[in-house]
Amino acid sequence: MKVTEVKHPLIQHKLGLMRAADVSTKRFRELAKEVAALLTYEATSGFEMETVEIDGWNGPISINQIKGKKVTVVPILRAGLGMMDGVLEHIPAAKVSVVGIYRDEETLEPVPYFEKLVSNIEERIALVVDPMLATGGSMNATLDLLKKRGCKQIKVLVLVAAPEGLKAVEEAHPEIELYTASVDDCLNEKGYILPGLGDAGDKIFGTK
Ligand SMILES: O=P(O)(O)OC[C@H]1O[C@H](OP(=O)(O)OP(=O)(O)O)[C@H](O)[C@@H]1O
Ligand SMILES: O=c1cc[nH]c(=O)[nH]1
Ligand SMILES: [Mg+2]
């Protein structure tokens, strides 16, 4: 699996602000969107290009454009919604495929509860977004589901990844490309990432 930890100063600065204990819901939400937009810039850098002829202001010219493949953004509910608008800022025509999965707090096992994918998902590049990759259970369940529905090209964008989660995704889905703002240290005994961000869903939605 190709893992890219994006060290760009803007990303690192914004992620640092998100880690503060007293960060407000408004600020956390803004920053999640901003970091997602920057990760999207990086994750799309390998998109295939083609040259086409168009009429320019002074006659025919060649321009570069992204070739063929269209994109679907796949937010994993709930917290993934906090990254979705950041991705759409750069890819405004992308369709959205929503996957609902929560992590059982006791067993840490993923529990799927919702699925609404675009109809032609097999023709699209899927950009899966979720702020937290902890045990990797939720991400692996999402990747299993997308592949079962015919998805062939998948990239994953997370704000913070634990080494345990990266290992789990690598074992189950070695061909996936993953982009993250940080590979953190480890999981605590409750499955939370350290130093991490705390509960990203609660921080984005203001619950708790
Ligand atoms: O890698 P894992 O161990 O599966 O943990 C990560 C998952 O946990 C969080 O979601 P949560 O279950 O808290 O749901 P929420 O987004 O609705 O808050 C997070 O947004 C991931 O989806
Ligand atoms: O650290 C973690 C782990 C799972 N889910 C979160 O929101 N945060
Ligand atoms: Mg979740």
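Residues numbered from 1 in each chain as written. Chains lettered and ligands numbered in written order. Predicted model: local features only at pLDDT ≥ 70, side-chain atom pairs only at ≥ 80, totals over all residues. Heavy atoms only, no water.

Taking an unreviewed UniProt entry as the reference, the chain is identified by name as Uracil phosphoribosyltransferase belonging to Ferrimonas sediminum. Among the UniProt annotations of the chain, the heading Catalytic activity (unreviewed entry) holds the following wording: "UMP + diphosphate = 5-phospho-alpha-D-ribose 1-diphosphate + uracil". In the Function (unreviewed entry) part of its UniProt record, the chain is described as follows: "Catalyzes the conversion of uracil and 5-phospho-alpha-D-ribose 1-diphosphate (PRPP) to UMP and diphosphate." (UniProt positions renumbered as here; feature names shortened; annotations may be inferred.)

**A few points about the packing of aromatic side chains**
In the structure shown here, the tally under the stated rule is one aromatic pair. Considering the side-chain rings of Y102 and Y113, the 5.9 Å spacing of their centres and the 45 degrees angle between planes classify their relative orientation as tilted. Remark: Y113 occurs in strand β7 (residues 110-116) and Y102 occurs in strand β6 (residues 98-103); sequence separation between them is eleven residues. Among the residues examined, Y102 registers a relative accessible area of 44% and is labelled partly exposed. Over the face of the ring belonging to Y192 we find R103, whose NZ or CZ atom lies 5.5 Å from the ring centre. (Phe/Tyr/Trp six-rings, centres within 6.5 Å; stacked < 30°, edge-to-face > 60°. Helix = DSSP H or I, 4+ residues; strand = E, 2+ residues; numbered from the N terminus. Buried < 20%, exposed > 50% of the residue type's maximum accessible area, 1.4 Å probe, protein only. Lys NZ or Arg CZ within 6 Å of the ring centre and 35° of its normal.)

**Points about the UniProt feature "binding site: 5-phospho-alpha-D-ribose 1-diphosphate" (unreviewed entry) in the chain**
Following the UniProt record, the feature "binding site: 5-phospho-alpha-D-ribose 1-diphosphate" (unreviewed entry) maps to R78, R103, D130, P131, M132, L133, A134, T135, G136, G137, S138 and D199 here. Along the chain, R103 falls in strand β6. Under the relative-accessibility criterion, R103 is labelled partly exposed at 23%. Beyond its immediate chain neighbours, meaning those up to four positions away, R103 contacts L108, E109, P110, A134, T135, S138, K190, G191 and Y192. Sequence-distant contacts of S138, defined by excluding residues within four places in its chain, comprise I76, I101, R103 and P110. (Contact = heavy atoms within 4.5 Å.)

**With respect to the UniProt feature "domain: Phosphoribosyltransferase" (unreviewed entry) in the chain**
The UniProt entry lists residues 7-207 under the feature "domain: Phosphoribosyltransferase" (unreviewed entry), expressed in the numbering used here. Along residues 7-207 the backbone is 33% helical and 33% strand, and the end-to-end C-alpha distance reaches 30 Å.

**Points about the site of ligand 2**
Ligand 2 sits among R103, M132, A134, G191, Y192, I193, G198, D199 and A200. With respect to ligand 2, the backbone of I193 contributes an N or O atom lying 2.8 Å from an oxygen atom. Here an oxygen atom of ligand 2 and a backbone polar atom of A200 are 2.9 Å apart. About the coverage of ligand 2: the protein hides 88% of its 240 Å² of free accessible area. For the shell around ligand 2, the per-class residue count stands at five nonpolar, two polar and two charged. (Near = heavy atom within 4 Å. Polar contact = N/O pair within 3.5 Å; in protein donor to acceptor, adjacent residues only side chain to side chain. Areas by Shrake-Rupley, 256 points an atom, 1.4 Å probe, with all protein chains shown as cover. Nonpolar A, V, L, I, M, F, W, Y, C, P; charged D, E, K, R; others polar.)

**Some details on the pairing of strand β11 (residues 177-183)**
Counting buried positions along β11 gives five out of seven residues, so the element sits mostly inside the fold. With four bridges joining them, strand β1 (residues 2-5) and β11 adopt parallel strand pairing. Residue pairing for β11: T4 is matched across the bridge by Y179. Both strand β10 (residues 153-161) and β11 contribute to a ladder of six bridges, which runs parallel. Paired with L157 across the bridge in β11 is Y179. (Pairing = 2+ DSSP bridges.)

**Topic: the packing of helix α1 (residues 9-18) against helix α2 (residues 25-43)**
For the pair α1 and α2, the least separation of the axes is 9 Å and the interaxial angle reads 155 degrees. The angle between the axes of α1 and α2 places the two elements in the roughly antiparallel class. By crossing handedness, the relation of α1 to α2 is classed as left-handed. Residues L10, I11, K14, L15, L17 and M18 of α1 lie in contact with α2, whose contacting residues are R27, F28, L31, A32, E34, V35, L38 and L39. For the contact of α1 with α2, the residue count by class is eleven nonpolar, no polar and three charged. (Axes fitted to C-alpha atoms, helices over the stretch in contact; angles between N-to-C directions. Parallel < 35°, antiparallel > 145°, perpendicular 65-115°, else oblique. Left-handed = near helix turned anticlockwise from the far one by under 90°.)

**A word on the site of ligand 1**
Inspection of the region around ligand 1 gives 14 residues, with R103, D130, T135, G136 and S138 positioned closest. T135 places a polar side-chain atom, nitrogen or oxygen, 2.6 Å from an oxygen atom of ligand 1. Between an oxygen atom of ligand 1 and a side-chain N or O atom of S138, the distance comes to 2.6 Å. Elements represented by at least two residues in the shell around ligand 1 include exactly β6, β9 (132-133) and α4 (137-148). Of the residues assigned to the shell around ligand 1, the class counts are six nonpolar, five polar and three charged.

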